[in-house]
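Below, each chain spelled out in residue letters.
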Amino acid sequence: MDSFENFFENIKNILKKEVSILWIFSVLLGLALIVLQNKSKLPLGTGDFVFISILTLLVALYRPRWIFLLFVSLVPLENVIFASGFLPIQLRPYQFAGAILAIAVIILWFVKRLNFQFLKPTWLDWLIFLLVPLSFLSLVNSPNKNISLKIDLILFSFAVLYYIARNFLRDRKDFIEAAYFFIGSNLVVIFYGFWQVFADKFGARSLEVMFGRPNSTFTEADWLGIFLCFALAILFLMTLSKAKTTIAKYALYIMIFLNLTLLTLTLSRSAWIGAAAVIFFWLVFSLYRKSEIRTSFTLRKFAYNLTIIILLSLISLAAIHFGKLSKFDIFDRARSAATNEQKITVACDSSSNIPPTIASTDELASYSCKFINLEEIELYKSQGKVVTEIFRKDPNVMTRSQIYKKSFEIIREHPLLGVGFGTITQSLGSDERGAGLNESNIFLQIWASCGILGLIAFVVIFGYLFVYAFRRISPICPLNKFFGCPVAGDDLEKSLNIFLTLGIFALIIPNLFNAGLLMGLLWLGIGILVSFIYIKQ
């Protein structure tokens with residue numbers, strides 16, 4: 001049985017093959033698609049789309065695994081629209097790759113040229129598939145069946161992509177390759193994210209969705225934060241190898257530093273909490289070594305990892321502060337998560353009677369003050385205004401509170417079947433950007449869209465995955481009187497179970513404050529996590 005000692009040796013073997021060329025192509029393809037999107041060369045027209053579809057299908061018929069690995073690398077490109085208009089939905093690159101791969105696999109199976117047997121769905125798979133028919137069933141209560149039906153079809157496509165991932169992730173080598181291509185996509189995301197940061201810093205057009213908050217290849221900064229959390233989980237997994245070369249070790253540290261820095265710059269407090277949980281449990285799991293005989297503590301390894309993460313975090317915060325990479329006060333943003341107060345900039349006619357704290361910006365008029373954006377500071381100073389900073393109750397907290405209240409009110413009317421996708425958005429309206437508001441919690445989103453059975457299925461899926469992994473690596477073994485206390489077989493199995501736990505935290509904790517069910521990363525992530533349980537040893 002292979003051990004995790006051979007992890008990087010396996011990667012070296014992979015690099016000697018054609019996959020290394022494909023990896024380089026995937027990175028360049030990701031960057032090219034971003035450029036084409038920004039240059040308004042996408043989405044493709046009908047003729048170009050048909051030509052590329054035929055070409056990609058031929059490649060998929062020849063090497064379906066190539067297209068799967070490209071699919072993994074393209075998952076982060078959420079704000080790149082590959083084709084639309086002549087299609088019923090906006091097709092993203094990873095959806096295109098996944099659809100072509102599904103067609104190719106069906107053709108190869110039909111002509112009996114498929115070199116693997118389809119996986120027989122397990123009970124976990126069936127629970128995930130259950131979300132699709134439940135979402136269609138909730139159409140009976142949807143006030144806008146056209147919108148709900150369209151999103152139901154998108155959900156069905158995600159279930160197909162999940163099953164594709166399950167079929168192509170069967171053993172340890174499969175995971176290593178997928179992780180390798182995921183890190184390639186991480187490079188693309190980081191590059192574009194920092195391009196936005198520096199473009200904003202030097203006054204160029206940054207293409208950020210929200211002022212001063214990089215969103216990179218995602219539709220919003222919070223989704224970028226979720227991706228970076230999951231990327232950290234994979235990078236921490238790689239640090240567990242004892243077979244790293246010096247170059248590989250420092251490359252991992254640089255990647256962790258870049259992820260932490262960009263994650264901080266997103267100002268996504270939900271992603272910060274998720275990353276904190278990932279880091280905390282990574283440190284905890286490095287504190288001891290569990291075997292069938294006993295649990296021994298590894299204080300030296302724990303101290304080393306703790307020192308590394310503290311140094312990387314401090315360097316990251318120093319780079320942001322002294323490089324003036326953010327237009328916002330990072331520490332104030334973090335403080336607001338605990339105090340529910342937010343620092344804002346105001347311009348007033350005089351310095352007298354300016355209150356230190358207000359409940360809402362509606363109060364400012366009575367003090368002859370006005371809320372202003374950071375880029376307007378110099379303009380108001382030139383007009384003789386007194387520009388200062390005060391605190392207000394965080395409107396995001398208040399908005400989320402209202403969203404949760406309204407969501408529960410709607411769900412209460414149809415708790416069993418739900419009310420269909422899009423219903424909550426129609427009831428809540430949109431934010432200041434014109435984007436539709438959602439449930440801001442993935443569990444509420446599933447309950448509203450798939451009913452109580454969908455919520456139970458989702459909770460059981462992640463609950464089982466967590467208990468499965470945690471029991472194999474934790475010195476505390478819940479329910480050991482009934483189920484025994486299993487132990488990971490070797491270092492690699494232990495590391496995979498650590499990643500399984502960290503990956504759950506990375507996906508779920510940020511989604512306690514976001515509704516990311518229709519995010520490609522979530523379905524790929526679930527596919528990866530479930531595959532670990534059934535992976536061939």
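Relevant structure appears above.
Only a predicted model underlies this, so the values are computations on that prediction, with no experimental measurement involved. (Residues numbered from 1 in each chain as written. Predicted model: local features only at pLDDT ≥ 70, side-chain atom pairs only at ≥ 80, totals over all residues. Heavy atoms only, no water.)

1. Considerations on the packing of aromatic side chains
Counting across every chain of the model gives 39 aromatic pairs. An angle of 85° between the planes, with centres 6.3 Å apart, marks the rings of Y250 and Y253 as edge-to-face. Of this pair, Y250 and Y253 both sit in helix α10 (residues 246-265), 3 residues apart, roughly one helical turn. Residue classification places Y250 among the partly exposed positions, given a relative accessible area of 48%. Ring centres of F466 and F505 lie 5.7 Å apart, and the angle between their planes is 65°; this geometry places the pair in the edge-to-face category. Taken together, the positions of F466 in helix α17 (residues 442-473) and F505 in helix α19 (residues 491-508) put the pair 39 residues apart, joining distant regions of the chain. Accessibility expressed as a relative area gives 26% for F466, which makes it partly exposed. Residue F505 is classed as buried on the basis of its relative accessible area of 14%. Three or more aromatic residues joined by ring pairs form one cluster here, namely F175, F182, F218, F227, F230, F499 and F532. Over the aromatic face of F371 sits the side chain of R392, whose NZ or CZ is 5.2 Å from the ring centroid. (Phe/Tyr/Trp six-rings, centres within 6.5 Å; stacked < 30°, edge-to-face > 60°. Helix = DSSP H or I, 4+ residues; strand = E, 2+ residues; numbered from the N terminus. Buried < 20%, exposed > 50% of the residue type's maximum accessible area, 1.4 Å probe, protein only. Lys NZ or Arg CZ within 6 Å of the ring centre and 35° of its normal.)

2. Considerations on helix α3 (residues 46-62)
Over its 17 residues, α3 runs 25 Å from end to end, which matches the ideal 24 Å to within 8%, given 1.5 Å per residue. In this fold, the buried residues of α3 make contact with α4 (64-74) and α5 (93-110). (Expected span 1.5 Å × (residues − 1). Contact = heavy atoms within 4.5 Å.)

3. Observations regarding the nonpolar core
Residues F68, F71, F175, F230, F236, F499 and W523 are the most contacted members of the largest nonpolar core, which totals 147 residues. For this core, the leading source of residues is helix α9 (residues 221-239), giving 15 residues. Among all residues touching F68, those that are not within four sequence positions of it are L101, I164, A165, F168 and L169. Counting 9 residues, the second largest nonpolar core, distinct from the first, contains I403, I410, I411 and L428. (Core = buried A, V, L, I, M, F, W, Y, C linked by side-chain atoms within 4.5 Å.)

4. Focus on a nonpolar patch on the surface
Side chains of I103, I107, W109, F110, V111 and F118 sit close together on the surface and give an oily, nonpolar patch of about 620 Å² of accessible area. Of note, F118 is situated in the loop between α5 and α6 (123-137). (Patch = residues over 30% accessible without salt bridge, like charges linked within 9 Å, V, L, I, M, F, W, Y side chains within 5 Å. Areas by Shrake-Rupley, 256 points an atom, 1.4 Å probe, with all protein chains shown as cover. Salt bridge = Lys/Arg side-chain N within 4 Å of Asp/Glu carboxyl O.)

5. Points about empty space enclosed by the protein
A complete count under the given rule lists 3 cavities of 30 Å³ or more for this structure. Taken as a whole, the largest cavity encloses approximately 50 Å³ of empty space. Looking at the largest cavity, the residues that line it are S26, V27, G30, S73, P76, L77, G184, S185 and V188. Classifying every residue of the lining of the largest cavity gives 4 nonpolar, 5 polar and no charged. (1 Å grid on protein atoms, 1.4 Å probe; cavity = no way out; pocket = protein on both sides within 12 Å on 5 of 7 lines; lining within 4 Å. Points joined across faces, edges and corners; volume = space filled by probe spheres on them. Nonpolar A, V, L, I, M, F, W, Y, C, P; charged D, E, K, R; others polar.)

6. Here we look at the side chain of S53
Relative to the elements of secondary structure, S53 occurs in helix α3. Residue contacts for S53: discarding those within four places in its chain leaves F96 and I100.

7. Some remarks on unusual backbone geometry
Geometrically, the link from L42 to P43 is a cis peptide bond, its omega value of 5° lying close to zero. Position of P43 relative to the elements: it lies in the loop between α2 (19-38) and α3. In this structure, S216 is a non-glycine residue whose phi angle is positive, near 50°. Its location among the elements puts S216 in the loop between α8 (172-201) and α9. Here the phi dihedral of L267 falls at roughly 60°; this positive angle occurs in a residue that is not glycine. Turning to its location among the elements, L267 is positioned in the loop between α10 and α11 (269-285). Of the residues examined, L267 reaches a relative accessible area of 1% and is grouped as buried.

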